[in-house]
Amino acid sequence: MSDSILVTSIDEAMKWGTGKSLWPFTFGLACCAIEMMSTMGSDYDWARFGSDVFRDSPRHSDLMIVSGTVTKKMAPRIRRLYDQMAFPKFVISMGACASAGGPYVRGYSVVDGVDQVVPVDVYLYGCPPRPEALIQALKLLQDRIVAGKVKH
Amino acid sequence: MIPVESESSTKNGIKIVYVAKENLLAFLTEKKEQGFDTLLMITGVDYRDHLEVLYHLLSSKTNERLIVKTKTNEEVESVTSLWKGANWHEREAWDLLGIKFLNHPNLTRILLPEGWVGHPLRKDYPMDKKQYVNLADDGKDRVSFEKSEGY
């Protein structure tokens, strides 16, 4: 009897399930998006980690990977897309530009970090980060979802 | 034959020609008839006392290249009547350098949001005055100097 019944609380099971079925949003902003495409491709195949197909609509997805430079013209659009996503929703800020403005931080047209626009769960450094780093960020996000340490 | 102001060449042998801005359109029309059928790009340079507009031409038959330069203070004739592809190049030069192209079909900003103050690649552009962008209810961009009103 004891090896056929799993006892858990529904909350823990929900968190585990959310972390293991993240649906990212197809959202490339700059060169980091190339690394993101490589990560979702067959070489690195991040469907192995439970984060499956990239969705083309914010209403179908719960993970936004801000992959690239956030220009001032794009920032309000990012906020609008984020607001259109259904709860629970998570944000990975990928690369130096999205995290802190990167090499364009003193420029006239670039926001110094996407955290001024949307709440960020995982910051990922690199210019651009390698696919392994993005996979690590995903694992980190999954751990935080299970531990309940996410912004939304 | 349209007169040129001066002639020189780059290190790798591409001919550079300076033309007065009144003769520019006639000169480029003549060059197009002579076989320079492709406009590779239009760029602009700010030399503080004047602006310069550069046209990189290519002959697809002889593979020959030509750079046509013209000095201007702000205005220059548009070449969209010769090459349709010049449209966006001229809009970019207007957006970032403030070069006004006369008789252009749609001379609006192409990269920065509409309502941006100044042209950022000008040497006298104030870099310390930050501008912030937000979306209005009608879906258009609103630019403001107040940090609280945008991103």
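The shown structure was predicted, so the numbers you read here are calculated from the model rather than taken from an experiment. (Residues numbered from 1 in each chain as written. Chains lettered and ligands numbered in written order. Predicted model: local features only at pLDDT ≥ 70, side-chain atom pairs only at ≥ 80, totals over all residues.)

Remarks on the domain arrangement of chain B
Residue and element names in this part refer to chain B.
Now for step 1: Partitioning chain B into domains gives domain 1 (6-111) and domain 2 (112-151).
Now for step 2: The gap between the C-alpha centroids of domain 1 and domain 2 is 28 Å.
Now for step 3: Contact with domain 1, which involves nine residues of that partner, is made by eight residues of domain 2.
Now for step 4: Per-element accounting of the side of domain 1 that touches domain 2 gives the leading share, three residues, to helix H2 (residues 86-97).
Now for step 5: Grouping the amino acids of the side of domain 1 that touches domain 2 by side-chain chemistry returns three nonpolar, two polar and four charged. (Domains from an automatic or database assignment. Contact = placed C-beta atoms within 7 Å. Helix = DSSP H or I, 4+ residues; strand = E, 2+ residues; numbered from the N terminus. Nonpolar A, V, L, I, M, F, W, Y, C, P; charged D, E, K, R; others polar.)

Considering the nonpolar core
Now for step 1: Counting 40 residues, the largest nonpolar core has Met 64, Val 66, Val 70, Ile 78, Ile 92, Met 94 and Val 114 of chain A as the members making the most contacts within it.
Now for step 2: For this core, the secondary structure elements donating two or more residues are helix H2 (32-40), strand S1 (63-67), helix H3 (75-84), strand S2 (90-94), helix H4 (95-100), strand S3 (122-124) and helix H5 (131-147) of chain A.
Now for step 3: Sort the elements by how many residues they give to this core and H5 of chain A lands first, with five residues.
Now for step 4: Dropping the residues within four chain positions of it, Val 114 of chain A is found in contact with Val 66, Val 70, Ile 78, Ser 93, Ala 98 and Val 120 of chain A.
Now for step 5: In this structure, Val 17, Tyr 55, Leu 57 and Ala 86 of chain B belong to the second largest nonpolar core, which totals 20 residues. (Core = buried A, V, L, I, M, F, W, Y, C linked by C-beta atoms within 7 Å. Buried ≥ 20, exposed ≤ 12 C-beta atoms within 10 Å, placed from the backbone.)

Re the interface of chain A and chain B
Now for step 1: Opposite the ten residues of chain A that make contact, chain B presents ten residues.
Now for step 2: Per-class residue counts for the side of chain A that touches chain B are five nonpolar, two polar and three charged.

As for the confidence of the model for chain A
Now for step 1: Here chain A averages 87 in pLDDT, and 99% of its residues register 70 or above.
Now for step 2: At the low end of the mean pLDDT range in chain A sits helix H1 (residues 10-20) of chain A, at 85; at the high end sits S2 of chain A, at 92. (pLDDT = per-residue confidence, 0-100.)

Observations regarding unusual backbone geometry
Residue and element names in this part refer to chain A.
Now for step 1: Phe 87 connects to Pro 88 through a cis peptide bond whose omega is -5 degrees.
Now for step 2: Within the element layout of this structure, Pro 88 appears in the loop between H3 and S2.
Now for step 3: With omega at -10 degrees, the peptide bond leading from Cys 127 into Pro 128 counts as cis.
Now for step 4: By the secondary structure assignment, Pro 128 is in the loop between S3 and H5.
Now for step 5: Positive phi values are uncommon outside glycine, yet Asp 45 reaches one of about 50 degrees.

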